[in-house]
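The primary structure of each chain is shown beneath.
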Amino acid sequence: MRFRHPDGSTVHLAYCTNVHPAETLDGVLAQLRDHCEPVRRRLGRDRLGIGLWLARDAAHALVTDPSALRGLRTELEHRGLEVVTLNGFPYEGFGAEEVKYRVYQPDWADPERLAHTTDLARVLAQLLPDDVTEGSISTLPLAWRTAYDQERATAAHTALTTLAERLDALHELTGRSLRIGLEPEPGCTVETTRDALAPLTAIGHDRIGICVDTCHLATSFEDPHTALDALAQARVPIVKSQLSAALHAEHPHLPEVRAALAAFDEPRFLHQTRTLTAAGLRGTDDLGEALAGDALPDASPWRAHFHVPLHAAPAAPLTSTLPVLRAALTRLVGGPHPLTHHLEVETYTWQALPPELRPRARAQLVDGIAAELTVARDLLTDLGLKELP
């Protein structure tokens, strides 16, 4: 979906396909047929943007077979879909029964991460619509915080510098300008936008910036305006923003609140949990750990890294951090000029919701994704952006 900002520029809105597990190119093509095109039709749009997730095997197949890449582009056009952004965070296995810490491997100190992200950039340069010259790719924020020493930090810095040089060369070759955004996430080396400032300014290349995920922003209790102002002051480019909402518990000391939170403690994904105390931010790596005994202070609200559907906040006594998303979006695109032109709804946790909230059929998932995009569309039009055909 495209929107015209009052300054005349185009803002792209997509939904991320990492909600649909697929490790191979055939799986990706099936996603387009079974999910993406039906969402577009449900919205009544001639064109729908998708933030494509390509696992290692799918990306490698595309970059080594030009005919397969041409075929994917043809399939996108046939189904009324367009791609200006990729989600390069998960490497493989995102649809596994247990993902947890595996999603952070390989990290930016490992050569496989540079190779994979280079493949993604080469693929995206060929998938961009004819009238679009700028693409974006989000990636993990360097590494999970453990076992990340100075040697690995140096290797990660070198890899990102090499990537920037490759993106420069790709621009010269194709005329397509691609940028990579580190996506701060609780528990990682770069947990907050503030943590991103030092490594990104050290790299000092406008092709390497940040991806602001509003669920992660909220989970770490960052104020959107303060965070985005600091990025602007440091001249760190906001490559893209993922529109998502975290799980919020106002009174975690109450038994009924603990019981409601326990329904979201599931085995597939890591749900880092945070609370803001007088002594600063405190947290656990997972929701179950927070619920066990006194691992986390409960005198103040808790927020958990669980991507809650934008249109459907959980039932009381829980809620979502949709207000944080609204505030961030106001700052991102509500001013005289957009801070980013790429927005992506990223709720990948539909099948990890409590059983009674999960979609039971493909059509229900299509309805849910369409409803989320409708919420995002309405937020954008309320800010003065005009939806384009």
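Refer to the structure presented above.
Below, the structure is looked at part by part. (Residues numbered from 1 in each chain as written. Predicted model: local features only at pLDDT ≥ 70, side-chain atom pairs only at ≥ 80, totals over all residues. Heavy atoms only, no water.)

**Here's the deal with the environment of Thr321**
Point 1. As for its position among the elements, Thr321 is in the loop between strand S13 (318–320) and helix H11 (322–333).
Point 2. The sequence separation of Thr321 and Ala59 amounts to 262 residues, and the corresponding C-alpha distance is 33 Å.
Point 3. In contact with Thr321, other than residues within four places in its own chain, are Ala218, Ala245, Ala246, His248 and Arg303. (Helix = DSSP H or I, 4+ residues; strand = E, 2+ residues; numbered from the N terminus. Contact = heavy atoms within 4.5 Å.)

**A short note on the nonpolar core**
Note on soluble globular proteins: their nonpolar side chains tend to be buried together.
Point 1. Leu13, Tyr15 and Leu373 are the most contacted members of the largest nonpolar core, which has 113 residues in total.
Point 2. Here this core gets 8 residues from one element, more than from any other, and that element is helix H12 (residues 362–382). (Core = buried A, V, L, I, M, F, W, Y, C linked by side-chain atoms within 4.5 Å. Buried < 20%, exposed > 50% of the residue type's maximum accessible area, 1.4 Å probe, protein only.)

**Topic: the pairing of strand S14 (residues 342–345)**
Point 1. Neither face of S14 is open: one carries His342 and Glu344, the other Leu343 and Val345, and all of them are buried.
Point 2. As paired elements, strand S2 (residues 10–16) and S14 share 4 bridges and run parallel to each other. From the neighbouring strand, His12 faces S14, where its bridge partner is His342.
Point 3. In this sheet, S14 lies alongside strand S8 (residues 238–243) in parallel orientation, the contact comprising 3 bridges. Across the sheet, residue Leu243 finds its bridge partner in S14, namely Val345. (Pairing = 2+ DSSP bridges.)

**A closer look at the packing of aromatic side chains**
Point 1. Overall, the coordinates contain 8 aromatic pairs when judged by the stated rule.
Point 2. Ring geometry for Phe264 versus Phe306: centroids 5.1 Å apart, planes at 90°, classification edge-to-face. Here Phe264 is found in the loop between helix H9 (255–262) and strand S10 (273–277), whereas its partner Phe306 is found in strand S12 (residues 302–308), with 42 residues between them in sequence.
Point 3. With centroids separated by 4.9 Å and ring planes inclined at 75°, the aromatic side chains of Phe269 and Tyr348 adopt a geometry described as edge-to-face. Taken together, the residues Phe269 in the loop between H9 and S10 and Tyr348 in the loop between S14 and H12 connect sequence positions 79 residues apart. (Phe/Tyr/Trp six-rings, centres within 6.5 Å; stacked < 30°, edge-to-face > 60°.)

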